[in-house]
Amino acid sequence: MTSPPRVSADKPPSFFTTTKPNGSRITQRLNMAPPKSFLPLLALVPYASAWGSLGHTAVAYMAQNLVSHKTAKFAQSLLNDTSSAYLANVAIWADSYRYEAEGKFSSVYHYIDSLDNPPESCNVDYERDCPEEGCIVSAIANYSSRAFQKSVGIGEQQKALKWVIHFVGDIHQPLHVENIAVGGNLINVTFNGAPTNLHSIWDTAIPQKAYGNFSHANALTLANKLTAEVKHGIFKKESKTWLKGLKAKDAVSSSMAWARDANKFVCSTVMPDGPDAVFAQELSGAYWDTAIPIVTKQLAKAGYRLAAWLDALVELNEKKGYGEWEREATRAVALEPWQEKARQARRDFGPDCGCGEDHAH
C-alpha cells in the first residue's frame with residue numbers, strides 16, 4: 001500500500017484540542033513519540049461504536065453455527081428465543097442500551113484504551129489500561145460470571161449474556177483496544193468521498209463496502225462464509241491457534257489474549273505510518289485493500305472465539321459453577337503525564353454519539 005502524503009510543519013504540537021458539538025473541548029495526544037507533523041483540524045464528525053450492526057450480527061450468527069447443542073439450548077432458554085437468530089437478535093442490544101439513561105454506565109465497557117505508542121510499538125496492559133471504572137476486559141469477566149448467577153434474576157442474566165455476545169465482538173476491533181485520538185474517533189478521514197473518522201470506517205464502512213449494508217440476510221451470508229473459511233478454507237489451519245490461552249476459569253487472561261491480538265494491527269495495518277499519514281485522507285482505495293483482509297479475519301476470530309467461550313462457560317458451570325467474579329487488586333501503575341491526559345480526553349469525550357444510519361442509538 002502506498003502511504004498517503006504527510007502534511008509537515010516545523011514545530012508541530014504534541015496535543016490537539018477539539019470542540020465537541022455540545023461546546024465542550026477535549027485535548028488528545030496523538031503520539032507518544034515526538035510528533036512529526038501538524039494535523040489540520042476538521043470539524044469533529046459523528047463517530048460510530050463497535051463493529052457496526054453488520055459485523056456484530058455476523059459474529060453472532062457465526063457463533064450459532066459453531067456452538068454445541070448444550071450451549072444453544074442454554075442460550076435459547078435464557079433469552080427465551082428458539083428462533084434461528086437467537087444470538088443474532090441480541091447482538092447489537094448493548095450499543096443501544098448504552099445510550100439509555102439506565103445503561104449509560106456501560107459505555108466504558110466497550111473498549112480498553114491501550115496507552116501505547118503506535119506505530120512504534122503496540123501493547124495492552126491490563127493494570128495500566130483498565131481504569132477503576134472498568135473496561136471491556138473486566139466487563140467480559142464480570143458478565144461471563146453473572147450470566148450463570150440465578151440469584152441476580154433472569155433479567156440481569158439475560159443482560160449479562162447479551163453483553164458477553166457483544167463485547168467479545170468489540171474486543172476484536174483494533175480501535176476498541178487503542179487510546180490514540182480516542183480510539184481513532186478524532187482522526188478525520190473520508191471514505192467514498194464522505195467525511196467520517198478512522199474509528200467509524202473500521203466499524204462499518206470497510207466491512208460494508210465488502211459485504212453490503214446491514215441486514216440479517218447479509219449478516220447471515222457473511223457468517224456462513226466465515227464459518228466455511230474456518231472449517232474448510234483459508235482460515236482452517238490458522239484457526240487452530242485462535243483458542244490458545246482460552247480458559248473459562250480466567251476470563252481476564254483469556255480476553256487479554258484477544259485484546260493483544262487485535263491491538264497489534266493498530267501498528268501493522270490501522271496506522272502503520274502513524275495518524276498523520278491517514279488524517280484527512282480518502283481511505284476507500286489502497287487503504288481499504290490492505291484493511292479488508294484484517295477486518296475479515298478479525299470477524300472470523302470473533303465468531304469462532306465467541307462460540308468456544310460460550311461452550312467453555314456452559315461446561316464449567318455445569319460441572320461446578322463459575323462463581324461470582326470480583327476484580328482483584330492490581331499492581332499500581334504510575335502513568336506518564338501524556339497518558340493521564342489521554343485517559344482524561346477519553347472521559348471528557350463521553351458516550352455521546354451522533355451516529356449515522358447504521359448506529360441509530
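Details of the structure are given in the entry above.
Residues numbered from 1 in each chain as written. Predicted model: local features only at pLDDT ≥ 70, side-chain atom pairs only at ≥ 80, totals over all residues. Heavy atoms only, no water.

*Asks:* How should I be thinking about the overall build of the protein chain in this particular structure?
*Replies:* A count of helical and extended segments in the protein chain gives twelve helices and four strands. For the protein chain, the proportion of contacts with a sequence separation of at least 24, taken over those separated by at least 6, is 79%. (Helix = DSSP H or I, 4+ residues; strand = E, 2+ residues; numbered from the N terminus. Contact = heavy atoms within 4.5 Å.)

*Asks:* Where do I start with the side chain of Ser200 in this structure?
*Replies:* Within the secondary structure layout, Ser200 lies in helix 8 (residues 198-211). For Ser200, the side chain forms a polar contact with the side chain of Thr196, separated by 3.4 Å. (Polar contact = N/O pair within 3.5 Å; in protein donor to acceptor, adjacent residues only side chain to side chain.)

*Asks:* It is not clear to me how the nonpolar core should be interpreted in this structure. Could you clarify?
*Replies:* Within soluble globular proteins, side chains that are nonpolar tend to cluster in buried spots. Counting 101 residues, the largest nonpolar core has Leu198, Trp202, Ile206 and Tyr287 as its most contacted members. Here this core takes 18 residues from helix 11 (residues 286-319), the largest share from any one element. (Core = buried A, V, L, I, M, F, W, Y, C linked by side-chain atoms within 4.5 Å. Buried < 20%, exposed > 50% of the residue type's maximum accessible area, 1.4 Å probe, protein only.)

*Asks:* Whenever I open this one, the packing of aromatic side chains confuses me. Can you help?
*Replies:* To describe a pair of aromatic rings, one takes the distance between the centres and the angle between the planes. The full count for this structure, using the stated rule, is eleven aromatic pairs. Seen in terms of ring centroids, Trp93 and Trp163 are 5.2 Å apart; in terms of plane orientation they differ by 65°. Their pairing is edge-to-face. A residue pair is termed long-range when its members are at least 10 positions apart, and Trp93 in helix 3 (residues 93-97) and Trp163 in helix 6 (residues 154-170) qualify at 70 residues. Taken individually, Trp93 and Trp163 each receive the classification buried, so the pair is uniform in this respect. (Phe/Tyr/Trp six-rings, centres within 6.5 Å; stacked < 30°, edge-to-face > 60°.)

*Asks:* I'm lost on the pattern of salt bridges in this one. Help?
*Replies:* Oppositely charged side chains may form a pair once their charged atoms are brought near each other. Counting across every chain of the model gives 14 salt bridges. The salt bridge involving Lys264 is made with Asp261; its shortest N-O contact spans 3.1 Å. One end of the pair is Lys264 and the other is Asp261, both in helix 10 (residues 251-270) and three residues apart, which spans about a single turn. Taking the relative accessible area as the measure of exposure, Asp261 reaches 12% and is therefore buried. Across the salt bridge formed by Asp261 and Lys301, the nearest N and O atoms sit 2.8 Å from each other. With Asp261 in helix 10 and Lys301 in helix 11, this pair connects stretches of sequence that are 40 residues apart. The burial state of Asp261 is the same as that of Lys301; both residues are buried. Each of Asp261, Lys264, Lys301 and Arg305 takes part in one network of salt bridges that share partners. (Salt bridge = Lys/Arg side-chain N within 4 Å of Asp/Glu carboxyl O.)

*Asks:* How should I be thinking about the packing of helix 6 against helix 11 in this particular structure?
*Replies:* Angle between the axes and distance between the axes are the two parameters that describe a pair of packed helices. The N-to-C vectors of helix 6 and helix 11 enclose an angle of 145°; their axes lie 9 Å apart at closest approach. Considering only the axes of helix 6 and helix 11, their crossing is right-handed. Counting all contacts with helix 6, which are made through Leu161, Val164, Ile165, Val168 and Gly169, the residues of helix 11 involved are Ala302, Leu306, Trp309 and Leu310. Residues belonging to the contact of helix 6 with helix 11 are distributed by class as follows: eight nonpolar, one polar and no charged. (Axes fitted to C-alpha atoms, helices over the stretch in contact; angles between N-to-C directions. Left-handed = near helix turned anticlockwise from the far one by under 90°. Nonpolar A, V, L, I, M, F, W, Y, C, P; charged D, E, K, R; others polar.)

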